[in-house]
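# Working through the structure, step by step
Here are the chains, one letter per residue:
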Amino acid sequence: MLRFLVFFLASTLIGLVSTHKESGEWRCHSDSGIQLVAEFRPGIITLDGHADDWEDINGFEFSLLPALDPHEDDAYKGGKMTVKALHDGKDVFFLLQVDGVYAYSKGDNKRCPSVSLMFQIGENATYHNMGGCKESPSTCSNKTCHGYEVDIMHFSIGNAIPGRLYGSNPSDAGSGDDRFGHLIDVYAWNPHCQYLDGHGPSGDDTSAQNDWKGAWWHSSLSVHSGFVEGDSPFSSNGQKGTYYFEFSRPLRTMDRLQQDAQFKIGDSSKFSAAFWYPIDGNPWRGSGHFTISCNWLPLDINSGDFTSAIAQTSAPRSSWDAAVAFSLLMSVVAFCISVFVWLRVSRSRGIPFTPMNNL
């Protein structure tokens, strides 16, 4: 019974099994010049859903087009998505920023915004059709679809408190699940063959885990000391503003099942991002999402320069920092002057010369 429930949940993670149908021949005209760079910037990001610490990080702004029929006329009307990334040598961090009227319905993920990141794992994995393996749900497996794997992080906020951390947790060890906030770690071979990490048609493997952590926020939220579940819906629906989704995961994971993308400093990976929104208050459909591109986009994990990164991180960023630095300099100068004066005085008090004939 438990295995049946696992497979049922896996087949409905994002609701694409029965709804992923394109209206015609697939056509893609993507901007091949875009390249997202994750700079080496250690020690500047706090994973809390707030974007203040990302202010000095460069990113890209994307139009959000329907995933199945990417036409400008049908773009998300609320605004564009800005994507930023960086790493600290151990973890990689992402910020997804989307304009949107505040919409939140506790316990109903499809009446709340949702986001996803997808990465290429297998060398043959295509963006189109989430890996592109031709096998059906009854025949797809790690053997028949080997080389077509994609890694997916999906965050539905219907049970997630803004500003709180979700994703990896001890209660869901051995699985890509997140029973608390539905920030889940998934792999797929195509839209009809997607599973939580650690689960699949070949059986379960408890060595898997959810490697992602993340939080969300909306600019209309006024409380910064911390929300709790009883504060839901946290703000008034219909308020204009911006959603912020902040995520992190290790550059390298303990995956040995070909279910996680692995990042390497100095190398490039392929990724994309998606957004679901309850337009006019209607629940979104799994295949009704918007994406930033109709093809893979490059993500460069920059090796950077350690010295310059530390300098940028520790450089004074306010008048207070400048005042402290100036005061420290003046203290050092005063100390040096005091030492110099003391040495001059000490020398002037030396023993006087006494002629030999006076002895």
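Rules and cut-offs
Per chain, residues are indexed from 1 in the order of the written sequence. Owing to the predicted nature of the model, reporting of local features is limited to residues with pLDDT of at least 70; listing and counting of side-chain atom pairs is limited to 80 or more, with chain, interface and lining totals taken over all residues. Side-chain metrics in this entry use all non-hydrogen atoms of the structure; hydrogen atoms and water are not considered. Per the convention used, a helix needs a DSSP run of H or I reaching at least four residues, while a strand needs a run of E reaching at least two, with both numbered from the N terminus. The cut-offs for exposure are 20% and 50% of the maximum accessible area for each residue type, with area from a 1.4 Å probe on protein chains only; residues under the lower value are buried, those over the upper are exposed, and the others partly exposed. Every residue gets a pLDDT, meaning the predictor's confidence in that residue, from 0 to 100. Every residue pair with non-hydrogen atoms within 4.5 Å of one another is taken to be in contact. Here, the term disulfide refers to a pair of cysteine sulfur atoms separated by no more than 2.5 Å. When DSSP finds two or more bridges between two strands, those strands count as paired. The way it works is a 1 Å grid over only the protein atoms, where trapped points that fit a 1.4 Å probe form a cavity and open points with protein on both sides within 12 Å along at least five of seven lines form a pocket, and then any residue with an atom within 4 Å of a point lines it. Grid points are joined across faces, edges and corners, and a volume is the space filled by probe spheres set on the points. Salt bridges are counted wherever a side-chain nitrogen of Lys or Arg sits within 4 Å of a carboxyl oxygen of Asp or Glu. Each pair of aromatic rings taken from Phe, Tyr and Trp, with Trp reduced to its six-membered ring, is defined by centres within 6.5 Å and is described as stacked if the planes are under 30 degrees apart, edge-to-face if over 60, and tilted in the remaining cases. We define the nonpolar core as a collection of buried residues of types Ala, Val, Leu, Ile, Met, Phe, Trp, Tyr and Cys that are connected through side-chain atoms lying within 4.5 Å of one another.

### Some details on the environment of S225
Within the secondary structure, S225 is located in the loop between β11 (213-218) and β12 (242-250). On the basis of relative accessible area, S225 is assigned to the exposed category, the value being 74%.

### Digging into the confidence of the model for the chain
Taken residue by residue, the chain gives an average pLDDT of 86. The fraction at 70 or more is 79%. This stretch, residues 1-12, has a pLDDT under 50; its non-local contacts, to residues over four places away or in other chains, come to 10 contacts. Ignoring residues within four places in sequence, the model shows residues 313-317, a span with pLDDT below 50, making eight contacts including any to other chains.

### Considerations on the state of the cysteines
As enumerated under the stated definition, the model contains two disulfides in all. Each sulfur in the disulfide pair C133 and C145 lies 2.0 Å from the other. Looking down the S-S bond of the C133 and C145 bridge, the torsion is -75°, so its handedness is left-handed. Of this pair, C133 sits in the loop between β6 (114-120) and β7 (150-156) while C145 sits in the loop between β6 and β7, and the two are 12 residues apart along the sequence. Both residues of the pair, C133 and C145, count as buried.

### Some points on the pairing of strand β9 (residues 183-190)
In terms of burial, β9 is largely enclosed, as eight of its eight residues are buried. Here six bridges tie β7 to β9, and the two strands are oriented antiparallel to one another. Its bridge partner being in β9, F155 is matched across the sheet by L183. The antiparallel pairing of β9 with strand β10 (residues 193-196) creates a hairpin that spans two residues between the two strands.

### Some remarks on empty space enclosed by the protein
Counting across every chain of the model gives two cavities of 30 Å³ or more. Quantified by volume, the second largest cavity comes out at close to 80 Å³. Every residue along the wall of the second largest cavity is listed here: D197, S207, A208, Q209, D211, M254, D255, R256, L257, Q259 and D260.

### Points about the pattern of salt bridges
Here the structure, examined in full by the defined rule, presents six salt bridges. A salt bridge links D151 to R249; the shortest N-O distance between them is 3.5 Å. Of this pair, D151 sits in strand β7 while R249 is found in strand β12, placing the two residues 98 residues apart along the sequence.

### Overview of the packing of aromatic side chains
Per the counting criterion, the structure on display carries 25 aromatic pairs. Measuring from ring centre to ring centre gives 5.2 Å for Y104 and F234, while their planes differ by 70°; the resulting arrangement is edge-to-face. Placement of Y104 in the loop between β5 (91-99) and β6 and of F234 in the loop between β11 and β12 is noted, with a sequence separation of 130 residues between them. For F234, a relative accessible area of 11% corresponds to the buried category. Taken together, Y102, Y104, W216, W217, F227, F234, Y243 and F245 form an aromatic cluster joined through their ring pairs.

### Some thoughts on the nonpolar core
One finds L117, F155, F245, F247 and L299 to be the most contacted residues of the largest nonpolar core, which totals 59 residues. Here this core gets six residues from one element, more than from any other, and that element is β5. Among all residues touching L299, those that are not within four sequence positions of it are L36, A38, A85, F94, F119, F263, D267, S268, S269 and F271. In this structure, M118, I152, L196 and W296 belong to the second largest nonpolar core, which totals 11 residues.

### Focus on unusual backbone geometry
With omega at 10°, the peptide bond leading from S232 into P233 counts as cis. Structurally, P233 is set in the loop between β11 and β12. Positive phi values are uncommon outside glycine, yet H182 reaches one of about 55°. When you line up the elements, H182 lands in the loop between β8 (166-167) and β9. With phi around 75°, F234 is a residue other than glycine that occupies positive phi space.

### Some details on the side chain of H50
Among the structural elements, H50 can be located in the loop between β1 (36-40) and β2 (59-62). For H50, a relative accessible area of 16% translates into the label buried.

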